[in-house]
Amino acid sequence: MLRPHPAVLRRLVEEYEALLAVDQTTHGSMPSPRAQDLAYTLCVSTGTRDVRQALQAAHRWLSAADPAAARGPLTGATSGAE
């Protein structure tokens, strides 16, 4: 299975977790469409079907990754799709 670049994965996890925290305070239990999109992307990126499993896998992979690669030049990159 292909794995995403650690910097890309870290950005996905950080954005999802931050957005989820905001959503819980503003929308209650209903995640925003952006949070749902990020959850889907995390699941696809980690080969899982549940966002909790995706986050566990992502955190495992990131803890095993080279710290320099996880910070990498892609951290501030945008996809242009937004």
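This text gives an overview of the structure that appears in the document. Worth saying up front: this structure is predicted, and the values here are computed from it rather than measured. (Residues numbered from 1 in each chain as written. Predicted model: local features only at pLDDT ≥ 70, side-chain atom pairs only at ≥ 80, totals over all residues. Heavy atoms only, no water.)

1. Quick notes on the environment of C43
Then comes step 1: Within the secondary structure layout, C43 lies in helix α2 (residues 33-46).
Then comes step 2: Along the chain, C43 and Q53 lie 10 residues apart, while their C-alpha atoms are 7.9 Å from each other.
Then comes step 3: Aside from chain neighbours lying at most four places away, what touches C43 is T48, R49, D50, V51 and A54. (Helix = DSSP H or I, 4+ residues; strand = E, 2+ residues; numbered from the N terminus. Contact = heavy atoms within 4.5 Å.)

2. As for the side chain of S32
Then comes step 1: Take S32: it is sitting in the loop between α1 (6-26) and α2.
Then comes step 2: What S32 contacts, discounting residues up to four positions off in sequence, is L19 and D23.

3. Here we look at helix α3 (residues 51-64)
Then comes step 1: Helix length check: α3, at 14 residues, gives a terminal C-alpha distance of 20 Å against a target of 20 Å (1.5 Å per residue), a fit within 8%.
Then comes step 2: When α3 is considered as a whole, its buried residues turn out to be V51, A54, L55, A57, A58, W61 and L62. Buried residues of α3, viewed axially, fall in a sector of 165°; they line one side. Looking at α3, the residues exposed on the side facing more than 90 degrees away from the buried face are R52, Q56, R60, S63 and A64.
Then comes step 3: Here α3 starts with a cap whose side-chain oxygen sits 2.9 Å from the backbone nitrogen of R52, and that cap is D50. (Expected span 1.5 Å × (residues − 1). Buried < 20%, exposed > 50% of the residue type's maximum accessible area, 1.4 Å probe, protein only. Arc of directions from axis to C-beta. Polar contact = N/O pair within 3.5 Å; in protein donor to acceptor, adjacent residues only side chain to side chain.)

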